[in-house]
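# Per-entry structural report
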Amino acid sequence: ILTEPMELLKLSGSPVEVLRQLPACVSTYFPGRPWVMINLVEGDYLRFAYAINVPADLMAQGGEPLAGSICGIPIAMREFLGIGDMTSDDRTRQDPCVTQYGCRAYLGYPIIDSAGKVRGVICILRSNRGGFGEYGHRILQMFSQRANIEIERMELESRLEQSEKE
């Protein structure tokens, strides 16, 4: 039985501080130097919000249109997406992550809030092909839930601060 990773329990600080720490924590559960990203939905746009091991030039782009993006798939489906070989998947083979950066495998979980709204996605991309296994899925699912908690906490603190100003 997989219990909650200790790193999830040890994270502390403001919501933004915790969200900044999450990608590094996730990466410790996967071999090599996988890319780990938390991308947030802003209308029809997907903002690259928090990441580790992602090339600086890609992060500098700031995000991408939601439609047609790899991370847009689990957001639209409202469930996880695992692709063991992105070069042979019609949805991903032409994506710049594959053609320019050499990514070969993807695992993404939507970040869904308590009201059922999809807020973004937490994902792992890596350069070697192959699935992520049940353990990898469960780990990313738990980190997705923690990301949602911090996003909701950030919004609650913002609303509280605003009401105190009024």
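Residues numbered from 1 in each chain as written. Predicted model: local features only at pLDDT ≥ 70, side-chain atom pairs only at ≥ 80, totals over all residues. Heavy atoms only, no water.

The next point concerns helix H2 (residues 15–27). Along its 13 residues, H2 runs 19 Å from first to last C-alpha, staying within 8% of the 18 Å computed at 1.5 Å per residue. Gln21 marks the point of greatest bend in H2, at about 30 degrees, and the proline Pro23 comes within the next four residues. Of all the residues in H2, the buried ones are Pro15, Val18, Leu19, Leu22, Pro23, Cys25, Val26 and Ser27. (Helix = DSSP H or I, 4+ residues; strand = E, 2+ residues; numbered from the N terminus. Expected span 1.5 Å × (residues − 1). Bend = angle between axes of the 7 residues up to and from the residue. Buried < 20%, exposed > 50% of the residue type's maximum accessible area, 1.4 Å probe, protein only.)

The angle between the axes and the distance between the axes are what describe a pair of packed helices. Running from amino to carboxyl end, H2 crosses helix H6 (residues 133–165) at an angle of 170 degrees, the nearest separation of the two axes being 9 Å. Between H2 and H6, the interaxial angle falls into the category roughly antiparallel. The handedness of the crossing between H2 and H6 comes out as left-handed. For the pair H2 and H6, contact is made by Pro15, Val16, Val18, Leu19, Leu22, Cys25 and Val26 and by Leu140, Phe143, Arg146, Ala147, Glu150, Ile151, Arg153, Met154 and Glu157, respectively. (Axes fitted to C-alpha atoms, helices over the stretch in contact; angles between N-to-C directions. Parallel < 35°, antiparallel > 145°, perpendicular 65-115°, else oblique. Left-handed = near helix turned anticlockwise from the far one by under 90°. Contact = heavy atoms within 4.5 Å.)

All right, on to the sheet that holds strand S3 (residues 63–65) then. One key point about sheets: their strands pair by backbone hydrogen bonds, in either a parallel or an antiparallel sense. The strand order across the open sheet formed by six strands is S3-S2-S1-S6-S5-S4, and the pairing between neighbours is antiparallel. For this open sheet the edge positions go to S3 and strand S4 (81–83), each flanked by a neighbour on one side alone. Adjacent strand axes in the sheet meet at a mean angle of 20 degrees, parallel and antiparallel pairs treated alike. Inspection of the sheet shows strand S1 (residues 35–42) paired to strand S2 (residues 45–52) by seven bridges, in the antiparallel sense. The partner of Glu42 across the bridge, within S2, is Tyr45. In the packing of H2 onto the sheet, contacts are made with S1, S2 and strand S6 (118–126), and the angle to S2 comes to roughly 65 degrees. Relative to the sheet, H6 contacts S1, strand S5 (105–112) and S6, its axis offset from that of S5 by approximately 35 degrees. (Pairing = 2+ DSSP bridges.)

In this section: the packing of aromatic side chains. What the rule picks out here adds up to five aromatic pairs. With centroids separated by 6.4 Å and ring planes inclined at 50 degrees, the aromatic side chains of Tyr29 and Tyr135 adopt a geometry described as tilted. Taken as a pair, Tyr29 in the loop between H2 and S1 and Tyr135 in helix H6 lie far apart in primary sequence, 106 residues in all. Residue Tyr135 is classed as partly exposed on the basis of its relative accessible area of 43%. Within the aromatic cluster, the residues linked to one another by ring pairs are Tyr29, Tyr135 and Phe143. In this arrangement the basic side chain of Arg126 is found over the ring face of Phe132, its NZ or CZ atom lying 4.0 Å from the centre. (Phe/Tyr/Trp six-rings, centres within 6.5 Å; stacked < 30°, edge-to-face > 60°. Lys NZ or Arg CZ within 6 Å of the ring centre and 35° of its normal.)

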